[in-house]
Amino acid sequence: MHRVNSPKKIQDVGIKYFGVELDVIYYEQEDAFENSHDKTDLLKYPLEKTLKNHAYWHHFWFDFKNLTQENNSQAKQTLEKLMKNNYISKDKVWVESQNLEALESFTKDGWKTSYYMPYYKFEEMTQKEVADILGISQSYISRLEKRIMARLKKEMLRQTSCA
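What you see is a predicted model, and the numbers here were worked out from it, not measured in a lab.

Novice: Any chance you could break down the nonpolar core for me, citing the residues and the numbers?
Specialist: Counting residues in each nonpolar core, the largest one holds 23 residues, and the members touching the most others are Phe62, Phe64 and Leu79. Counting only elements with at least two residues in this core, the list comes to β2 (19-27), α2 (47-52), β4 (59-64), α3 (72-85), β5 (93-97) and α4 (100-108). Leave out the neighbours within four places in its chain, and Leu79 touches Phe33, Leu47, Phe62, Phe64, Val95, Phe106 and Trp111.

Below is the structure:
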């Protein structure tokens, strides 16, 4: 599997890989997908065109960049149509998104799905930001921090007295 986020990269990758990861953006008004990480130009990078040249790939990983609960049903129908038109079996496809709720619809319909867990740099965040992400109170984080610091101090004192 190799990550591909543009037709140019597809040409570079060629037939070296058994499968491919495609970053996709769904356009509701056009009812179409763009093969790109960031919105650029639907006409320039349509997923439909990418899939027509898929003969050497056996597996696909679609990394949705904008899947929402509002667009998941329509996006799923459009993706199913693309798969059918290009003779790609659903069991050869993975669908990934940061939106767990929107992804559930794909899972329930038999798609293989993957939830993208965002990577947070907790050490660079405030207690409030961490608490909001984890769904816990800021005061609980403060209590944990105090306990951890007390244990570290105790351990450091023990190690220096043994030396």
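Novice: Quick one: what's the story with the packing of helix α5 (residues 127-134) against helix α6 (residues 138-162), residue by residue and with numbers?
Specialist: Running from N to C, α5 and α6 point in directions that differ by 115°, and their axes come no closer than 8 Å. When the interaxial angle is binned, α5 and α6 end up roughly perpendicular. In this structure, α5 meets α6 at a crossing whose hand is right-handed. In this structure, α5 contributes Gln127, Lys128, Val130 and Ala131 to the contact, and α6 contributes Gln138, Ile141, Ser142 and Glu145. Of the residues assigned to the contact of α5 with α6, the class counts are three nonpolar, three polar and two charged.

Novice: Explain the pairing of β5 residue by residue, including any values.
Specialist: Counting buried residues along β5, four of its five residues qualify, which places the element largely inside the surrounding structure. Following the chain from β4 across α3 to the adjacent parallel β5, one finds a crossover that is right-handed. Inspection of the sheet shows β5 paired to strand β6 (residues 112-115) by four bridges, in the parallel sense. Paired with Ser97 across the bridge in β6 is Tyr115. This β-α-β element, β5 to α4 to β6, shows right-handed connectivity.

Novice: Summarise a positive patch on the surface; cite the residues concerned and give the values.
Specialist: A surface patch of like charges, here positive, comprises Arg143, Arg147, Arg151 and Lys154. Turning to its location among the elements, Arg143 is positioned in helix α6.

Novice: Describe in detail the confidence of the model for the protein, supporting the description with residues and values.
Specialist: Looking at the protein as a whole, the pLDDT averages 83, with 86% of positions reaching at least 70. Strand β1 (residues 2-4) is the least confidently modelled element of the protein, averaging 55 in pLDDT, while α3 averages 95, the highest of any element.

Novice: Tell me about the pairing of β4, and please be specific about residues and values.
Specialist: Across six bridges, the pairing between β2 and β4 is parallel. Across the sheet, Val24 pairs through a bridge with Phe64, a residue of β4. Bridge count for β4 against β5 is four bridges, and the pairing is parallel. Note on β5: the bridge partner recorded for Trp61 is Trp94.

Thresholds, definitions, all that
Residues numbered from 1 in each chain as written. Predicted model: local features only at pLDDT ≥ 70, side-chain atom pairs only at ≥ 80, totals over all residues. Heavy atoms only, no water. Core = buried A, V, L, I, M, F, W, Y, C linked by side-chain atoms within 4.5 Å. Buried < 20%, exposed > 50% of the residue type's maximum accessible area, 1.4 Å probe, protein only. Helix = DSSP H or I, 4+ residues; strand = E, 2+ residues; numbered from the N terminus. Contact = heavy atoms within 4.5 Å. Axes fitted to C-alpha atoms, helices over the stretch in contact; angles between N-to-C directions. Parallel < 35°, antiparallel > 145°, perpendicular 65-115°, else oblique. Left-handed = near helix turned anticlockwise from the far one by under 90°. Nonpolar A, V, L, I, M, F, W, Y, C, P; charged D, E, K, R; others polar. Right-handed = clockwise from strand over helix to strand, strands pointing away. Pairing = 2+ DSSP bridges. Patch = residues over 30% accessible without salt bridge, like charges linked within 9 Å, V, L, I, M, F, W, Y side chains within 5 Å. Areas by Shrake-Rupley, 256 points an atom, 1.4 Å probe, with all protein chains shown as cover. Salt bridge = Lys/Arg side-chain N within 4 Å of Asp/Glu carboxyl O. Lys, Arg positive; Asp, Glu negative; His and termini not counted. Charge placed at Lys NZ, Arg CZ, Asp CG, Glu CD. pLDDT = per-residue confidence, 0-100.

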